[in-house]
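Reading the structure
Residues per chain are reported as follows:
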Amino acid sequence: MVAAALVSRYAALAGFLSLAVQVVSAKADGSRLPERGLLDPICRRIDDETSSATKVYYPGTPKYVEAIHHWSWRSTEHSECVVEPVTPEDVGRVLQIVGETRTPFAVKGGGHSTNPGFSSTEGVHISMGAFSEVTYDAATQTAQIGAGLVWDDVYAALEPHQVNVVGGRVSGVGVAGFTLGGGFSWKTNQYGLTVDTVEAYELVKPDGTVSTVTESSDSELFFGLKGGLNNFGIVTKFTLRTHPQTEDVWGGLITFTANSIPEVTAATAEFSATVTDPKASIITTYNVLAGSPGISLLLFYDAPTPPAGLFDRFLEIHHFTRDVKTRTFLDLVKAPPSNVQANQRGLFHMVPVLEYTPSFINAVVNQSVYWGTRLSTIPNVLGLHSGTFFSYAVEPFLPNIYTHNANPTAYPYSRSRFFSPFNIYFSWLDPLEDDLFQRSVLESARELLDAAQSQGQSNLGEVPLYPNYAAGTTPVEVIYGDHLDELKALKARVDPDNVMGLAGGFKIPV
């Protein structure tokens, strides 16, 4: 009976995917959708009114397919066309055209968002891939970084200079969305969030004008861009402070099977409560894969060798695999197989956590097993679903991380109350189950929020959610809190016609 149900379910899923491929193919060659692509007047106008260096790609071309692709297949939408501008001025002309015509559009940097419509659209898709420069200035100890890059590219470019920036922790994460949303890094304990290290933004405003925004040139807009996402225009370049980087760092990935979960949980709670060395960091992720619980543990120390004993409790636990060593920073970032879940459907969400106690982490374990069993592709008494991977990431930070910047930023709206961003991620295959998995992620987050509060972590509802982890259904008030009125006023000044409201994301109302 179970085998028959399994065959039937996968046959239905295969049929759906086959149909989806046909639809995508039809959209790609335009043969069944004559109103799209080359005949779209807005795309033709953009092609005509931007420089010859800027390219417009239509369905059926490899560049189009590459540009609309996202890490999470759920976030990939088929646009009328793809525009790949090469200058800020051309970005400005595109914004003027979509603003005049009220055409929906999207801006994609790295494409790592799991929220549909945040960097994808059925309108005009703006690909930032041509903004790919990294320029290090030793005199100012800053790096100018293009908005089309992923952090892997940035680390590789800065490595010969023996400097680094506060950027992403795993491979494949885009610079632009990560930075505009805040940015928690392996370096955050030492230097704060990525937004705390931004010195300047090259910004194309909604009216098409190009400006370099700094604290001195426009302090209000500088504040708004630090966590304000895509609400105030399109950033084409970031100038970040750099920091000295040793030739090598220490760390990597250890995996554990279910038998080791209690020991790793105890070691994680102890590390979170007792380790104060800002160069040390961990991510303990409770996973369920193919119905089997386990742990992926990332260790990091910002030097070639950690102090004796710092990570010993983890290293003494019986492991399944271990790849921990002295290596370059870039090699460490590439160590976890973060792209294994690419090209599936997925959703991130988060819970703000004040303290990773053993009891809270045990609640995390219970949630991972419950949902990983209930929604897995492995047959069970509740039936068969298309869930492939269930991830709950414990990410402890030092309680002083928000003190590295004395100036206010759009995110986080409160720097007086410490929290760590606890991440939840589910991936699945069947588009028909999108609503089910979204409801499940949100329900799991509510259960863990209740668990934290029942254990004395009070007023978590007043703590801002990290926009780079938050599900797309999160109210904008929860992200910007007391800063929302100030951001509304800034929005009215910078974007009175709400051009950026034509793009997806967490939108600040006019």
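To be clear, the structure that these remarks concern was listed above.
Presented here is an overview of the structure given in this document. (Residues numbered from 1 in each chain as written. Predicted model: local features only at pLDDT ≥ 70, side-chain atom pairs only at ≥ 80, totals over all residues. Heavy atoms only, no water.)

1. A word on the sheet that holds strand E3 (residues 105–108)
To be explicit about the condition: Should DSSP find at least two bridges between two strands, the strands are regarded as paired. Helix and strand assignments follow DSSP, with helices taken as H or I runs no shorter than four residues and strands as E runs no shorter than two, numbered in order from the N terminus. Under this scheme, a helix contributes an axis fitted over its contacting stretch, all axes are lines through C-alpha atoms, and angles between N-to-C directions fall in the 0 to 180 degree range.
The strand order across the open sheet built from four strands is E1-E2-E4-E3, with neighbouring strands paired in mixed fashion. Taken across any chain shown, the strands that pair with only one partner, and hence form the sheet edges, are strand E1 (55–57) and E3. In this sheet, neighbouring strand axes are inclined to one another by 25 degrees on average, regardless of whether the strands run parallel or antiparallel. Pairing geometry for E3 and strand E4 (residues 124–127), over four bridges, is parallel. Note on E4: the bridge partner recorded for lysine 108 is serine 127.

2. So, the state of the cysteines
Note the following rule: Cysteine sulfur atoms that come within 2.5 Å of each other are treated as a disulfide pair.
For the structure shown, the criterion picks out one disulfide. Here cysteine 43 engages in a disulfide with cysteine 81; their sulfurs sit 2.1 Å apart. One disulfide, between cysteine 43 and cysteine 81, carries an S-S torsion of -90 degrees and so falls in the left-handed class. Residue cysteine 43 is found in helix H2 (residues 41–49), and its partner cysteine 81 is found in strand E2 (residues 81–84); the two are separated by 38 residues along the sequence.

3. Considerations on the packing of H2 against helix H4 (residues 88–101)
The relative placement of two packed helices comes down to the angle between their axes together with the axis-to-axis distance. In plain terms, the rule: When an angle is under 35 degrees it counts as roughly parallel; over 145 it counts as roughly antiparallel; between 65 and 115 it counts as roughly perpendicular; any other value is oblique. We call a crossing left-handed when the near helix sits turned anticlockwise from the far one by less than a right angle, and right-handed when that turn is clockwise. Throughout, a residue-residue contact means that at least one pair of heavy atoms, one from each residue, lies within 4.5 Å. The nonpolar class holds Ala, Val, Leu, Ile, Met, Phe, Trp, Tyr, Cys and Pro. Asp, Glu, Lys and Arg form the charged class, and all remaining residues, Gly among them, are polar.
Contact geometry for H2 and H4: axes closest at 10 Å, N-to-C directions at 150 degrees. In terms of axis orientation, H2 runs roughly antiparallel to H4. Where H2 crosses over H4, the handedness of that crossing is right-handed. Judged by residue contacts, Ile42, Arg45, Ile46 and Glu49 of H2 engage Arg93, Val94, Ile97, Glu100 and Thr101 from H4. Of the residues that constitute the contact of H2 with H4, the class distribution is four nonpolar, one polar and four charged.

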